[in-house]
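The residues making up each chain are set out below.
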Amino acid sequence: MCGVVGYIGSKQAAPILIDGLKRLEYRGYDSAGIAVVCGGKIVSDKEVGRLVNLEKLLEANPLEGVCGIGHTRWATHGVPSRANSHPHFSSDGTISVVHNGIIENYSELRDELMAQGHTFLSETDTEVIPHLIEQALADGAMSPAEALRLTLKKLRGAYALGVLFRDEPQSVYCARLGSPLIIGLGENENFIASDVPAIINRISRAIYLNDGEMAVLKADGVEVCTIDGQPVVPEVKEITFEAEAAEHSGFETFMLKEIHEQPRILRALLTKHVSAEGTIQPPAGLSENYFRKLNRIMIVSCGTAYHAGMYGKLLIENLTGIAVETDLASEFRYRDPKIDPGTLIIPVSQSGETADTLASIRMAKEWGCKIFAICNVEGSSVVRESDSVFFTDCGPEIGVASTKAYTAQQMAFALLALCIATARGDLTPEQLKSYLDDLQEIPDAVHYVIQQKDDIRKIGEKHHDGPSSLYIGRRFNYPTALEGALKNKEISYQHAEGYAAGEMKHGPIALINESLPVICICTKTADEVYEKMLSNVKEVEARSGRIIAVATEGDTELCKLSDDVIYVPEVRDEFSPMVNVAALQLLAYYAARARGTDIDKPRNLAKSVTVE
Ligand code: AGP
């Protein structure tokens with residue numbers, strides 16, 4: 001997904017723009033560029049590949065000026081190339097634009113502009129924007145702001161824009177519809193950025209621009225209005241992210257740092273949401289009475305967040321008896337799921353900007369449903385479009401592969417399930433206390449697993465080289481198997497498949513051979529599930545399969561059957577996924593490290609998929 005930055009102040013803009021783009025690298029990109037207003041013209045440079053390539057050009061040819069915009073491009077329309085890289089310009093070079101999003105009607109706009117004599121240098125949808133602004137001025141728009149407003153009214157699709165005008169060397173214009181854009185407020189300097197981490201080191205207050213709003217930034221102030229020209233008094237938010245959260249803090253990658261942050265985050269969520277008396281307050285906007293009447297829940301999300309939703313479904317059903325359904329947001333949005341206003345919709349999203357999840361929320365709101373989001377980013381679109389929110393409070397998750405947000409989402413579901421069950425009388429106070437006592441053990445259990453990272457590293461290095469791997473689990477740990485497989489494939493690029501272990505006989509057992517690593521999540525349970533998992537492991541072993549087991553400390557059976565075992569502390573089965581997944585995160589991490597991939601920025605992936 002593309003990254004947008006902008007600066008106006010008294011410092012040289014170029015270094016600030018490059019620093020901001022570097023902090024957005026986690027979003028994924030294939031080219032980058034900046035533009036600066038200098039000496040009565042807009043100067044620019046852009047290059048394909050990593051930012052370091054652009055930096056080399058700028059070292060040889062510095063761009064001087066205190067007003068500029070920058071962009072990292074994740075190609076949607078047009079191949080990665082210098083010509084297609086942003087910024088894009090008007091015919092006369094007096095207007096420059098960077099853009100995150102997709103202009104769906106760009107083709108017809110391009111045709112109209114070409115009929116008016118405009119020529120284009122790129123294949124991108126974005127390039128129509130500076131030409132439309134230029135044409136609006138030529139047609140008599142009274143000011144750059146009016147020309148921009150007239151242009152925005154013609155666009156269909158999504159945009160987060162940064163715009164420079166040669167004739168306004170002290171101003172950066174911006175606008176937002178469907179793609180996030182933040183205005184950072186500094187001391188005699190102001191910024192725009194797609195996400196907080198880009199400017200976290202420079203600001204402590206920000207404005208989260210809303211859809212349909214635009215703004216003009218000068219060094220000493222910001223003016224916000226709607227694209228209809230109505231002034232807006234923006235809400236200024238204190239930036240709650242710890243500055244250090246957007247730094248490596250001594251770890252070799254953000255992903256490894258974020259894996260290590262999990263025990264602290266889980267502990268903090270328990271401290272925040274469980275009172276000293278051992279009660280859990282319903283989320284703001286919901287109530288115990290609402291929970292008592294609730295009879296259906298629909299959880300919608302994507303990727304890792306979908307696996308968290310699968311876990312939430314099992315837990316809520318197990319504790320409350322409410323019918324819970326989960327669906328991939330990208331599928332849900334095309335269904336006719338016969339949902340009535342009494343259904344609680346739970347979108348789960350780390351970024352709060354995932355297009356499919358947002359589309360599902362908007363659909364559900366049309367049906368009159370209440371929306372309770374589990375999300376990590378304050379001010380994000382999912383947060384602003386939901387009735388009630390559980391913040392996972394992880395701080396920025398920079399690694400593209402989600403780790404700390406995932407276990408925090410699971411903890412959110414554990415707390416929600418216990419809260420609903422208590423409100424409905426499905427749990428006595430004594431039972432609630434027992435569950436909460438067991439939940440309090442989870443952060444330390446996760447910490448225990450992480451302390452075994454060297455042993456897990458050796459296992460990852462030993463089994464990383466095959467063409468594929470198979471992950472199997474049951475019930476609460478079936479989603480864990482799916483998540484472990486996703487982690488492995490997205491950062492190590494080794495194909496991996498997660499499967500319900502009970503399905504082995506229905507097909508996957510045909511895959512078993514000496515070289516296929518089979519990761520079996522086989523931790524102790526209070527019922528027959530463990531024995532059934534053990535049978536699955538024996539089936540694999542009987543066919544000379546290569547077994548990596550995730551087992552409970554003290555288990556004496558699995559080591560007889562397995563090539564390698566990762567031992568985890570015994571915890572309540574319902575909460576074991578938060579512990580078991582930490583082992584699989586590290587297993588995938590070290591497999592990827594052995595394969596030499598770019599772990600924080602895996603190829604083709606973006607941290608937040610704001611396009612369909
Ligand atoms: C997670 O490792 C992936 N990067 C991806 O599947 C992600 O979980 C998915 O895109 C959903 O993102 P969200 O949580 O920000 O909505």
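As the structure is a prediction and not an experimental result, all values here were calculated from the model.

Asks: Hey, could you run me through the pairing of strand β3 (residues 41-48) in this one?
Replies: Working note: regular strand, side chains alternate between the two faces of the sheet. Relative to β3, strand β2 (residues 31-38) is paired through eight bridges, and the arrangement is antiparallel. For A35, the partnering residue across the bridge sits in β3 and is S44. Linkage of β2 to β3, two consecutive antiparallel strands, is achieved through a turn of two residues, within which G39 is found at a positive phi near 55°.

Asks: Whenever I open this one, the pattern of salt bridges confuses me. Can you help?
Replies: Side chains that differ in sign of charge can pair as their charged atoms come close. The final tally for this structure, using the stated rule, is 42 salt bridges. Two residues, K404 and E261, come together in a salt bridge whose shortest N-O distance is 2.8 Å. Of this pair, K404 sits in helix α12 (residues 404-423) while E261 is found in helix α6 (residues 254-273), placing the two residues 143 residues apart along the sequence. Both residues of the pair, K404 and E261, count as buried. Its salt-bridge partner being R424, residue D426 comes within 3.5 Å of it at the nearest N-O pair. Among the residues examined, D426 registers a relative accessible area of 33% and is labelled partly exposed. Among the charged side chains, a network of salt bridges with common partners joins K257, E261, R264 and K404.

Asks: Got a minute to help me understand the site of the ligand in this structure?
Replies: In the vicinity of the ligand lie 13 residues, with S349, Q350, S351, T354 and E490 positioned nearest. At a separation of 2.7 Å, an oxygen atom of the ligand approaches a polar backbone atom of Q350. Side-chain polar atom of T354 to an oxygen atom of the ligand: 2.5 Å apart, as the coordinates give it. Of all the secondary-structure elements, those providing two or more residues to the shell around the ligand are α8 (303-320) and α16 (478-492). With three residues, α8 is the largest single contributor of residues to the shell around the ligand. Tallied by class, the residues present in the shell around the ligand amount to four nonpolar, seven polar and two charged.

Asks: Sorry, what's going on with the sheet that holds strand β12 (residues 213-218) here?
Replies: Sheet strands pair via backbone hydrogen bonds, and the direction of the pair is either parallel or antiparallel. Across the sheet, which stays open at both edges, the seven strands sit in the order β5-β6-β7-β8-β12-β13-β14 with antiparallel pairing between neighbours. Looking at strand neighbours, the two that pair on one side only are β5 (88-89) and β14 (231-232), the edges of this open sheet. With five bridges joining them, strand β7 (residues 159-165) and strand β8 (residues 172-177) adopt antiparallel strand pairing. If you follow G162 over to β8, its bridge partner there is C174. Along the sheet, helix α4 (residues 128-138) makes contact with β5, β6 (95-100) and β7, crossing β6 at roughly 140°.

Asks: Mind showing me how you'd approach the sheet that holds strand β17 (residues 323-328) here?
Replies: Read across the open sheet, the five strands follow the order β17-β16-β18-β19-β20; overall the sheet is parallel. The sheet terminates laterally at β17 and β20 (388-391), the two strands that pair on one side only. Within this sheet the neighbouring strands show an average axis-to-axis angle of 20°, counted without direction. Taken together, the five bridges between strand β16 (residues 296-301) and strand β18 (residues 344-349) define a ladder with parallel strand orientation. Within β18, the residue paired with I299 across the bridge is I346. Here α8 sits on the sheet in contact with β16, β17 and β18, set at roughly 170° to β17. Contacts from α12 reach β16, β18, β19 (370-375) and β20 within the one sheet, and its direction differs from that of β18 by about 160°.

Asks: How should the packing of helix α3 (residues 106-115) against α4 be read in this particular structure?
Replies: The description of two packed helices rests on the angle between their axes and on the distance between the axes. Interhelical geometry of α3 versus α4 gives an angle of 45° and a closest axis separation of 10 Å. By the angle class used here, α3 and α4 are oblique. In this structure, α3 meets α4 at a crossing whose hand is left-handed. Mapping the contact onto sequence places Y106, L109, R110 and L113 in α3 and V128, H131, L132 and Q135 in α4. Looking at the contact of α3 with α4 residue by residue, the class counts come to five nonpolar, two polar and one charged.

Asks: When you look at the pairing of β6 in this model, what are you seeing that I'm missing?
Replies: Within β6, six of the six residues are buried, which leaves it mostly tucked inside the rest of the structure. The alternating pattern of β6 places I95, V97 and H99 on one face and S96, V98 and N100 on the opposite face, and all of these are buried. As defined by bridge partners, β6 adjoins β7 across six bridges and the pair is classed as antiparallel. Residue V97 lies in a different strand from β7, and its bridge partner there is V163.

Asks: Before we go on, may I ask you to explain the environment of T523 in this structure?
Replies: Looking at where T523 falls in the secondary structure, it is placed in the loop between β23 (517-521) and α17 (529-542). Along the sequence, T523 and V571 sit 48 residues apart, while their C-alpha atoms lie 9.1 Å from each other. Among residues more than four places away in sequence, those in contact with T523 are N477, Y530, V550, A551, T552, V568, S576 and N580. In this structure the side chain of T523 is engaged in a polar contact, spanning 3.3 Å, whose partner is the side chain of N580.

Asks: Which parts of the structure should I look at to understand the nonpolar core?
Replies: Across soluble globular proteins, you tend to see nonpolar side chains buried next to one another. Among the nonpolar cores identified, the biggest contains 82 residues, and I297, I346 and L439 are the most heavily contacted of them. With 14 residues, the top contributor of residues to this core is α12. I16, A193, V196 and A206 belong to the second largest nonpolar core, which has 29 residues in total.

Asks: What am I meant to see in the packing of α12 against helix α19 (residues 576-595) here?
Replies: The contact between α12 and α19 brings their axes to 10 Å, and the two run at 170°. Compared by their axis directions, α12 and α19 come out roughly antiparallel. For the pair α12 and α19, contact is made by Y406, T407, Q410, M411 and A414 and by P577, M578, V581 and Q585, respectively.

Analysis parameters
- Residues numbered from 1 in each chain as written.
- Predicted model: local features only at pLDDT ≥ 70, side-chain atom pairs only at ≥ 80, totals over all residues.
- Heavy atoms only, no water.
- Pairing = 2+ DSSP bridges.
- Helix = DSSP H or I, 4+ residues; strand = E, 2+ residues; numbered from the N terminus.
- Salt bridge = Lys/Arg side-chain N within 4 Å of Asp/Glu carboxyl O.
- Buried < 20%, exposed > 50% of the residue type's maximum accessible area, 1.4 Å probe, protein only.
- Near = heavy atom within 4 Å.
- Polar contact = N/O pair within 3.5 Å; in protein donor to acceptor, adjacent residues only side chain to side chain.
- Nonpolar A, V, L, I, M, F, W, Y, C, P; charged D, E, K, R; others polar.
- Contact = heavy atoms within 4.5 Å.
- Axes fitted to C-alpha atoms, helices over the stretch in contact; angles between N-to-C directions.
- Parallel < 35°, antiparallel > 145°, perpendicular 65-115°, else oblique.
- Left-handed = near helix turned anticlockwise from the far one by under 90°.
- Core = buried A, V, L, I, M, F, W, Y, C linked by side-chain atoms within 4.5 Å.

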